[in-house]
Amino acid sequence: VPLIAVDRVDVVTDGSSAIYGSDAVGGVANVILLRDYEGASFSGRYGFATDGGFDQDQYSGIAGTRWNSGGFMVAADYLHWTAIKARQRSFATSFSPYDPILPSQKQLSAVLAAHQFLSESVEFAVDAQYNHRRSPVTFSNSPPNDFLFNGQAVDRKVESFSVAPSIKIDIGQSWTATVAG
C-alpha cells in the first residue's frame, strides 16, 4: 500500500478471532485508507549507500476529490533500488565479486478508494489495490567467476491485485449492516 494513501493504522493487540477469523488470535493491524482526499500531492526521494550499491529512488503521488454524496482517491508509489554486489563490501570476499548480497528490486503499487451514498442510509464503497514487484538475481557457482561462466539467474516477479466492494446500510438506532466482498 502506498504510504501516501494511508490515513491511519489501527492496531488491536487483543485476540480478535471472533471478528477477523482464526488467524487473528494475536491481534490485528488495520490499514485505513484516505477516503475524502481533496487535491493532489507528489513526492520523491533519493538515497544511496556510501560503500556503493543500494541507490534508491522512490516517487509517490495521490489525487482525489469529494462531493456531497461521496468521493474517491487514487494513489501510486514506485520504488527502485540497485543491488549491493559482493565486491562493494569487505566482509563478502568469499563470494564472487559479481554476486549480489542484496538483489535489486523494482516495485509499483497503486490503490483506489471510493465511496458514494446511494441514499441517506445506503453507502457503496470500493477499495482496489495493485502491486507489481520484480527482483532479478544472479549467483556464481564458481567464484571468482560471474554467473555466465557457471551460475544461475533467477528473475523473481510478483503481481497481485484485489478489489473489495461493500455496501453499508444504516438500519437505525446506531445500528449498521455491512455486506462486503
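Residues numbered from 1 in each chain as written. Predicted model: local features only at pLDDT ≥ 70, side-chain atom pairs only at ≥ 80, totals over all residues. Heavy atoms only, no water.

1. A short note on the overall build of the protein
- For the protein, the helix and strand inventory stands at two helices and eleven strands.
- Against the 2.2 N^0.38 benchmark of 16 Å for 181 residues, the protein shows a C-alpha radius of gyration of 23 Å, more extended than a compact globule.
- The buried share of the protein, reckoned over its 181 residues, is 29%.
- Contacts in the protein between residues far apart in sequence, at least 24 positions, make up 52% of those at least 6 positions apart.
- Taking the average location of the 13 positive side-chain charges in the protein and that of its 18 negative ones, the two points are 9 Å from each other. (Helix = DSSP H or I, 4+ residues; strand = E, 2+ residues; numbered from the N terminus. Rg over C-alpha atoms; globule rule 2.2 N^0.38 Å. Buried < 20%, exposed > 50% of the residue type's maximum accessible area, 1.4 Å probe, protein only. Contact = heavy atoms within 4.5 Å. Lys, Arg positive; Asp, Glu negative; His and termini not counted. Charge placed at Lys NZ, Arg CZ, Asp CG, Glu CD.)

2. What about the sheet that holds strand β3 (residues 39-47)?
- In space, the seven strands of this open sheet follow the order β3-β4-β5-β8-β9-β10-β11, with antiparallel pairing throughout. Two strands bound the open sheet, and with one partner strand each, they are β3 and β11 (175-180). Adjacent strand axes in the sheet meet at a mean angle of 10° when their direction is disregarded.
- Where β3 lies against strand β4 (residues 56-67), nine bridges are found, and the strand directions are antiparallel. What sits directly across from Ser43, in β4, is Ser60. (Pairing = 2+ DSSP bridges. Axes fitted to C-alpha atoms, helices over the stretch in contact; angles between N-to-C directions.)

3. Describing the environment of Ser121
- Turning to its location among the elements, Ser121 is positioned in the loop between β8 (105-117) and β9 (122-140).
- Excluding residues within four positions of it along the chain, Ser121 makes contact with Lys168, Ile169 and Asp170.

4. What to know about the environment of Ala86
- Position of Ala86 relative to the elements: it lies in the loop between β6 (84-85) and β7 (100-102).
- Those residues in contact with Ala86, other than ones at most four positions away along the chain, are Ala92, Phe95, Ser96, Pro97, Asp99 and Ile101.

5. With respect to the packing of aromatic side chains
- For the coordinates displayed, the defined rule picks out three aromatic pairs.
- Each ring, one from Phe54 and one from Trp81, has its centre 5.6 Å from the other, and the planes form 55°; the classification is tilted. Separated by 27 residues along the polypeptide, Phe54 in the loop between β3 and β4 and Trp81 in strand β5 (residues 70-81) bring together distant segments of the chain.
- Residue class for Phe54 comes out partly exposed when judged on its relative accessible area of 22%. (Phe/Tyr/Trp six-rings, centres within 6.5 Å; stacked < 30°, edge-to-face > 60°.)

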